[in-house]
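One letter stands for each residue in the lines below.
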Amino acid sequence: MKVFFATYSDVVKFNRKPNEDYFLISKKYPVFAVADGVTRGIFKDKRYAYPAGAHAAAEIFCFTVVESFEKAHKNNNLLGVDPNRLFREAFDGANQRIRELNENEGRIENHDWYANDYFDCVGVAGFFNQSVLHYGYVGDCGLAIFDKDNNLKFQTKDQVALSPHHKEMEQVAKGKNWDHAERLAYAHEHYRNHPSGKYYGTFSGEEGVKNYYQIGSQKIQEGDLVNFYSDGFVGYLESKEFLRIIRQGDKAALD
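Since this is a predicted model, take the numbers as computed values, not measurements. (Residues numbered from 1 in each chain as written. Predicted model: local features only at pLDDT ≥ 70, side-chain atom pairs only at ≥ 80, totals over all residues. Heavy atoms only, no water.)

Next up on the list: the overall build of the protein chain. The number of helices and strands found in the protein chain is 6 helices and 8 strands. Counting from the amino terminus, the protein chain carries its helices and strands in the arrangement β-β-α-α-β-β-β-β-α-α-β-β-α-α. The burial tally for the protein chain puts 45% of its 255 residues in the buried class. Accessible area of the protein chain: about 13,400 Å², with a carbon and sulfur share of 49%. (Helix = DSSP H or I, 4+ residues; strand = E, 2+ residues; numbered from the N terminus. Buried < 20%, exposed > 50% of the residue type's maximum accessible area, 1.4 Å probe, protein only. Areas by Shrake-Rupley, 256 points an atom, 1.4 Å probe, with all protein chains shown as cover.)

Rendered as C-alpha cells:
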C-alpha cells in the first residue's frame, strides 16, 4: 500500500484563518483518520474566534480514534470483532475527550452558543482488515474510492449539506436581521447533534453526536485509490488530473 497526504496550507499560508484540519496515520497498522475543526466564525470586530480550540479538537479526534484502532489490532488482529462496535467505542472516546477539552477551557460552564460555543470537529476514519476497508464518519469529512481507471466506485454522503436544517433556517430567519454569527449560533443550538438524528453531527462533547455516526465497509481491489478527505477537497475529486497527481504522490504538482 502506498500512502500520500497533503493539505492546502502546505503551500498557502493564511494570515487570517489558520489551518484547522488534522490527520494521523498509524505507524503500526493500516489505520487512518482525518478531522476538520469547526470554524468558530468571524465576529463584527473582524476578530477570528478561538482558532486553537478547533484545531485541538481535530487533533484529539485523530489521536483518540487511531489509538483505539491500534489497540484493537494489537489485541486480536480484528478476528471476530464487530467493526460497528469498534467505531462507536472509538468515536465515543474521542467525543468524551473533546468534552474534557471544553470543560478545561470553561466552555461548558460558560456556554452561550455564540462567542463561547463548544470547540468541535467533524471527522472520518478507517482501517483495513484484509481486503475490506471499514470506515466511519460524522459531518462533511468523507471517503471516496476510485477504481484503477479513476472511475468513482463509492463516496460517502455529506451529512451537513444534506441536512434539512438549511431550509428550516430560511423560514426561521424571515423577518430577523441576523448576521452570519447569529445564524450560526441558532443552528448550533437547535440543529447540531439534535437527538432526532435528523440534522447533522459534530464531535463537540454533546451526547447527541451518537445519533449521527455513519459506519460501513467497502471491498477494496488491487489498483483502487482510497481518499480520506475534509470538505475542502470535494471539488478536486472530480478532476482526473488531481487523481493522477494523488496516485503519483507528487506534492509539488499538487501545490
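Now that the structure has been shown, the text picks up again.
Counted under the stated rule, the structure contains 21 aromatic pairs. Each ring, one from Phe61 and one from Phe91, has its centre 5.7 Å from the other, and the planes form 40°; the classification is tilted. A residue pair is termed long-range when its members are at least 10 positions apart, and Phe61 in helix 1 (residues 51–76) and Phe91 in helix 2 (residues 83–104) qualify at 30 residues. Connected via pairs of aromatic rings, a cluster forms that spans Phe61, Phe69, Phe87, Phe91, Phe127, Phe203 and Tyr213. (Phe/Tyr/Trp six-rings, centres within 6.5 Å; stacked < 30°, edge-to-face > 60°.)

Now for the pairing of strand 6 (residues 152–155). When strand 5 (residues 142–146) meets strand 6, the two strands line up antiparallel, connected through 3 bridges. Within strand 6, the residue paired with Ala144 across the bridge is Gln155. Where strand 5 hands over to strand 6, the hairpin turn is made up of 5 residues, of which Asn150 adopts a positive phi near 65°. (Pairing = 2+ DSSP bridges.)

Spatial strand order, 6-5-8: 3 strands in an open sheet with antiparallel pairing. Every interior strand has two partners, whereas the edge strands, strand 6 and strand 8 (225–229), have only one. Neighbour to neighbour, the strand axes of the sheet diverge by 15° on average, direction disregarded. Across the sheet, helix 5 (residues 240–248) touches strand 5 and strand 8, and the angle it forms with strand 8 is around 100°. (Axes fitted to C-alpha atoms, helices over the stretch in contact; angles between N-to-C directions. Contact = heavy atoms within 4.5 Å.)

Here we come to the pairing of strand 5. Counting buried residues in strand 5 gives 5 out of 5 residues, a clear majority hidden from the surface. Neither face of strand 5 is open: one carries Gly142, Ala144 and Phe146, the other Leu143 and Ile145, and all of them are buried. Bridging between strand 5 and strand 8 involves 5 bridges; their strand directions are antiparallel. The residue of strand 8 that forms the bridge with Gly142 is Tyr229.

At their nearest, the axes of helix 3 (residues 165–173) and helix 4 (residues 180–190) sit 11 Å apart, and the two run at 120° to each other. As the angle between them shows, helix 3 and helix 4 are arranged oblique. For helix 3 against helix 4, the interelement crossing comes out right-handed. Here His165, Met169, Glu170, Val172 and Ala173 of helix 3 come into contact with helix 4, specifically with Arg183, Tyr186 and Ala187. Split by residue class, the contact of helix 3 with helix 4 holds 5 nonpolar, 1 polar and 2 charged. (Parallel < 35°, antiparallel > 145°, perpendicular 65-115°, else oblique. Left-handed = near helix turned anticlockwise from the far one by under 90°. Nonpolar A, V, L, I, M, F, W, Y, C, P; charged D, E, K, R; others polar.)

Moving on, we come to the side chain of His188. Tracing the backbone shows His188 in helix 4. There is a polar contact of 2.8 Å between the side chain of His188 and the side chain of Asp117. Apart from residues lying up to four places away in sequence, His188 is in contact with Arg40, Trp113, Asp117 and Tyr200. (Polar contact = N/O pair within 3.5 Å; in protein donor to acceptor, adjacent residues only side chain to side chain.)

A separate point is the pattern of salt bridges. All told, the structure shown has 12 salt bridges when counted by the stated rule. In this structure, the salt-bridge partner of Arg192 is Asp117, at a minimum N-O distance of 2.9 Å. Here Arg192 is found in the loop between helix 4 and strand 7 (214–219), whereas its partner Asp117 is found in the loop between helix 2 and strand 3 (121–129), with 75 residues between them in sequence. Summarising the burial analysis for this pair, Arg192 and Asp117 share the class buried. (Salt bridge = Lys/Arg side-chain N within 4 Å of Asp/Glu carboxyl O.)

In this section: unusual backbone geometry. With a phi angle near 60°, Gln130 is a residue other than glycine that sits in the positive phi range. You can see Gln130 is positioned in the loop between strand 3 and strand 4 (132–138). Taking relative accessible area as the criterion, Gln130 reaches 73% and is therefore assigned exposed. Of note in the backbone geometry, Asn150 takes a positive phi value of approximately 65° without being a glycine. Structurally, the position occupied by Asn150 is in the loop between strand 5 and strand 6.

Geometric descriptors of this kind do not, in isolation, establish any biological role.
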